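Chain by chain, the residues:
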Amino acid sequence: MRKASTAAPSPPLVDLDAQPGHHIRRLQQIAVAIFLQKTEAGGVTPVQFAALQTVANVPGIDQRTLARTIAFDTSTIAGVIDRLEARGLLRRNASAADRRVRQLTVTSAGGALLAQIVPGMLRAQERILAPLAGPERAQFVRLLRKLVLANNALSRAPGRRG
């Protein structure tokens, strides 16, 4: 009778450098680092910025719609809003139509903070895309949007379509 082999199978060799997910993760790390560097005086994270800017763009947006708009988990968006509200940057008000719904507005301090950090945020975007030529930048962003939209439903926090 033959003895069964007890040696563990060799793990597969995978070239991480050939995997798009690896590069997407790395670019996310780089994008966050550049964002924080260019906007450090504002003291907000990229997610906090996205929430604050979205509320500024759509005053009175409710928490659920905000979460969907920025593709953030609805159970976690409340903490983001709590932190922004504690800093006096956002205000949460009950909806007149449905007291359970919390509508959000940017305070004057929040508007001033956005005015302060938007130029840095825009410089961060330019820095991220700096290695690409003009036409490559537009193509890269178009392809990123295409991938996000095509795979949106697979996310744990799908964003709105479009």
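Structure: above.
This write-up is about the structure you can find in this document. All values derive from a computational prediction rather than experimental measurement.

### Topic: the packing of helix α1 (residues 20-38) against helix α5 (residues 108-129)
Then step 1. As a packed pair, α1 and α5 sit with axes 8 Å apart at the nearest point and diverge in direction by 145°. Judged by the sense of rotation from one axis to the other, the crossing of α1 with α5 is right-handed. Counted together, Leu27, Ala31, Ile34, Phe35 and Lys38 of α1 and Gly120, Met121, Arg123, Ala124, Arg127 and Ile128 of α5 form the full contact between these two elements.
Then step 2. Here the contact of α1 with α5 is built from residues that sort into seven nonpolar, one polar and three charged.

### Let's talk about the packing of helix α2 (residues 46-57) against α5
Then step 1. Contact pair α2 / α5: the axes reach a minimum separation of 11 Å and the direction vectors enclose 120°. As judged from the angle between their axes, α2 and α5 are oblique. Two packed elements cross with a definite hand, and for α2 against α5 that hand is left-handed. Residues Phe49, Leu52, Gln53 and Ala56 of α2 form the contact with α5, whose own contacting residues are Gly110, Leu113, Leu114, Ile117, Val118 and Met121.
Then step 2. Per-class residue counts for the contact of α2 with α5 are eight nonpolar, two polar and no charged.

So, how was this worked out
- Residues numbered from 1 in each chain as written.
- Predicted model: local features only at pLDDT ≥ 70, side-chain atom pairs only at ≥ 80, totals over all residues.
- Heavy atoms only, no water.
- Axes fitted to C-alpha atoms, helices over the stretch in contact; angles between N-to-C directions.
- Helix = DSSP H or I, 4+ residues; strand = E, 2+ residues; numbered from the N terminus.
- Left-handed = near helix turned anticlockwise from the far one by under 90°.
- Contact = heavy atoms within 4.5 Å.
- Nonpolar A, V, L, I, M, F, W, Y, C, P; charged D, E, K, R; others polar.
- Parallel < 35°, antiparallel > 145°, perpendicular 65-115°, else oblique.

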